[in-house]
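# An overview of the molecular structure
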Amino acid sequence: MDRIKKNFGFGCMRLPMSGDEVDKVQMCQMVDAFLEAGFNYFDTAHGYLQGKSETALRDCLTSRYPRDRYVLTDKLTGSYFKTEADIRPFFQRQLEACGVEYFDFYLMHSQHAGNFGHFRDCRAYETAFALKAEGKIRHVGISFHDRAEVLEEILTTYPQIEVVQIQFNYVDYDDPGVQSRLCYEVCRRHNKPVLVMEPVKGGHLSNLPPQAKAVLDELHGGSPASYAIRFAAGFEGILMVLSGMSTPEQMQDNIAFMKDFQPLDPQERAAVDRVQAIFHGMHLIPCTSCRYCVDGCPQHIAIPNLFALMNTKQLYHDWNADFYYEAVHTGPGRKASDCIRCGQCERICPQHLPIRQLLVDVAKEFEKPQA
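Quick caveat, the model's predicted, so the values are computed rather than measured.

The helix and strand inventory of the protein stands at 16 helices and ten strands. Computed over C-alpha atoms, the radius of gyration of the protein comes to 20 Å, within 12% of the 21 Å expected from 2.2 N^0.38 for 371 residues, which places it in the range of a compact globule. On the principal axes, the C-alpha backbone points of the protein span a range of 70 × 50 × 45 Å. By the burial criterion, 54% of the 371 residues in the protein qualify as buried.

Right under this line is the structure:
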């Protein structure tokens, strides 16, 4: 872990896109700026952007820089293996897709009570530990989305786990569903360094509602994203905070305040607490747009987009939300009311959202009978 230069990483789930493809010109610019500023940690997974994240890293990072210039994390996702025998071939395909001979970190992906048994039964952890012994993985860890008691069980079952990646931001800190604080405390008790995902909560904490933005504007300091990322990075035991940057402008903003990192001061922390209270009073849908739900939806409903429109309607009372619902994000058979309630989305949702009921609410809001 001593190869990590700074406590800020490039999360590659939301890359610059040109249509359905990664914009590799912009991606190369961002990689170059990131490394030039002294950062070197990159995070991906096979499912990110339908496999295009790994190959974009190969084309924009690993084929252009020597191996000692970067630290690369990849993940083992439960949907890509059915038996123990499937894991090693899949792992090899990931190495080839990324253009490397080993991963610095390899995480059991999105661990929760619903899939931990699958990983355990298929000896996924044991396979990863064996790959580490062979030099193909430097550090084995997990990314985690569940209650603190489940994390306690996993870390007790596999004490060899070296790092834990959790969702951690000021809105979710004391949220009873996400349990960021409680999960962080479990990591501390087990002496596991923490990797932070979703510090800006899928962009929600960079695009604040007006009353929340006004609170941070009074500080006359950085961007809304800067306060969210610095909040997460300021806790003891945080090894790395990831940001899913999708434009060079976001990259430059993040670099500016993380190059010489300073934790929030008491005035800034008080302002963040006020923003947290504002969010909790708005009852927004806490979707982070990870899009795991979309891939398995038999109706191909753009669930995160519809939830974002619902939030926009509540925040801004914006008639454009209705237009985008009808003209952009839905189609025949793909409206919220077309949900067949199969539950596939809820089984895979890292936020454990009641998606089927939320789609009913979206349909009521956007599919009202014409007067």
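On to the pattern of salt bridges, then. Within this structure, the stated rule accounts for 27 salt bridges. With a shortest N-O distance of 2.6 Å, Asp-104 and Arg-3 are connected by a salt bridge. Note that Asp-104 is positioned in strand β6 (residues 103–111) and Arg-3 in the segment before β1 (8–11), a separation of 101 residues in sequence. A relative accessible area of 3% means that Asp-104 is categorised as buried. We classify Arg-3 as partly exposed; its relative accessible area is 26%. Of the charged contacts in the structure, one is a salt bridge between Lys-213 and Asp-217, with a shortest N-O distance of 3.0 Å.

Glancing now at helix α16 (residues 355–366). Residues three or four positions apart in an α-helix share a direction because the helix packs 3.6 residues into each turn. Between its first and last C-alpha, α16 extends 16 Å over twelve residues, near the 16 Å set by a 1.5 Å rise per residue. Inspection of α16 places Ile-355, Leu-358, Leu-359, Val-362, Ala-363 and Phe-366 among the buried residues, and these make up the whole buried set. In an axial view of α16, the angular spread of the buried residues amounts to 145°, which keeps them on one side of the axis.

One closed barrel holds the eight strands; their spatial order is β1-β4-β5-β6-β7-β8-β9-β10, and the pairing between them is parallel. Averaged over all adjacent pairs, the angle separating strand axes in this sheet is 30°, with direction ignored. Across the sheet, helix α4 (residues 113–121) touches β5 (71–76) and β6, and the angle it forms with β6 is around 125°. Against the sheet, helix α9 (residues 224–233) makes contact with β1, β9 (194–197) and β10 (238–243), and its axis sits at roughly 155° relative to β10, the strand it touches most.

Here the focus is a nonpolar patch on the surface. Taken together, the side chains of Phe-323, Tyr-324 and Val-328 define a hydrophobic patch exposed on the protein surface, amounting to about 280 Å² of accessible area. With respect to the helices and strands, Val-328 occurs in the loop between α14 (320–327) and α15 (344–348). Using a relative accessible area of 43% as the deciding quantity, one classes Val-328 as partly exposed.

Let us now look at helix α3 (residues 84–98). Compared with an ideal rise of 1.5 Å per residue, which puts 15 residues at 21 Å, α3 spans 22 Å between its outermost C-alpha atoms and is within 8% of the ideal. Three or more residues of α3 are buried, namely Ile-87, Phe-90, Phe-91, Gln-94, Leu-95, Ala-97 and Cys-98. Summarising the axial view, the buried residues of α3 lie within an arc of 160°, below the 170-degree limit, and thus occupy one face. The exposed set on the far side of α3, more than 90 degrees from its buried face, consists of Ala-85 and Glu-96. Taken together, the buried residues of α3 touch α2 (52–62), β5, β6, α5 (124–133) and β7 (137–144). Phi turns positive one or two residues past the end of α3, at Gly-99, with a value near 75°.

Another aspect to go through is the packing of aromatic side chains. The final tally for this structure, using the stated rule, is 27 aromatic pairs. Taking the centre distance of 5.3 Å and the plane angle of 25° together, the rings of Phe-34 and Phe-39 count as stacked. Grouping residues by exposure puts Phe-34 and Phe-39 together as buried. Between Phe-168 and Phe-235, the ring centres sit 4.9 Å apart and the planes meet at 85°, which makes this aromatic pair edge-to-face. In this pair, Phe-168 sits in the loop between β8 (163–167) and α7 (180–189) while Phe-235 sits in the loop between α9 and β10, placing the two residues 67 residues apart along the sequence. Exposure remark for Phe-235: the relative accessible area of 16% places this residue in the buried category. Directly above the ring of Tyr-102 sits Arg-67, whose terminal nitrogen or CZ lies 4.0 Å from the centroid. If you follow Arg-138 out to its NZ or CZ, it ends over the ring of Tyr-102, 4.0 Å from the centre.

So, how was this worked out
- Residues numbered from 1 in each chain as written.
- Predicted model: local features only at pLDDT ≥ 70, side-chain atom pairs only at ≥ 80, totals over all residues.
- Heavy atoms only, no water.
- Helix = DSSP H or I, 4+ residues; strand = E, 2+ residues; numbered from the N terminus.
- Rg over C-alpha atoms; globule rule 2.2 N^0.38 Å.
- Buried < 20%, exposed > 50% of the residue type's maximum accessible area, 1.4 Å probe, protein only.
- Salt bridge = Lys/Arg side-chain N within 4 Å of Asp/Glu carboxyl O.
- Expected span 1.5 Å × (residues − 1).
- Arc of directions from axis to C-beta.
- Pairing = 2+ DSSP bridges.
- Axes fitted to C-alpha atoms, helices over the stretch in contact; angles between N-to-C directions.
- Contact = heavy atoms within 4.5 Å.
- Patch = residues over 30% accessible without salt bridge, like charges linked within 9 Å, V, L, I, M, F, W, Y side chains within 5 Å.
- Areas by Shrake-Rupley, 256 points an atom, 1.4 Å probe, with all protein chains shown as cover.
- Phe/Tyr/Trp six-rings, centres within 6.5 Å; stacked < 30°, edge-to-face > 60°.
- Lys NZ or Arg CZ within 6 Å of the ring centre and 35° of its normal.

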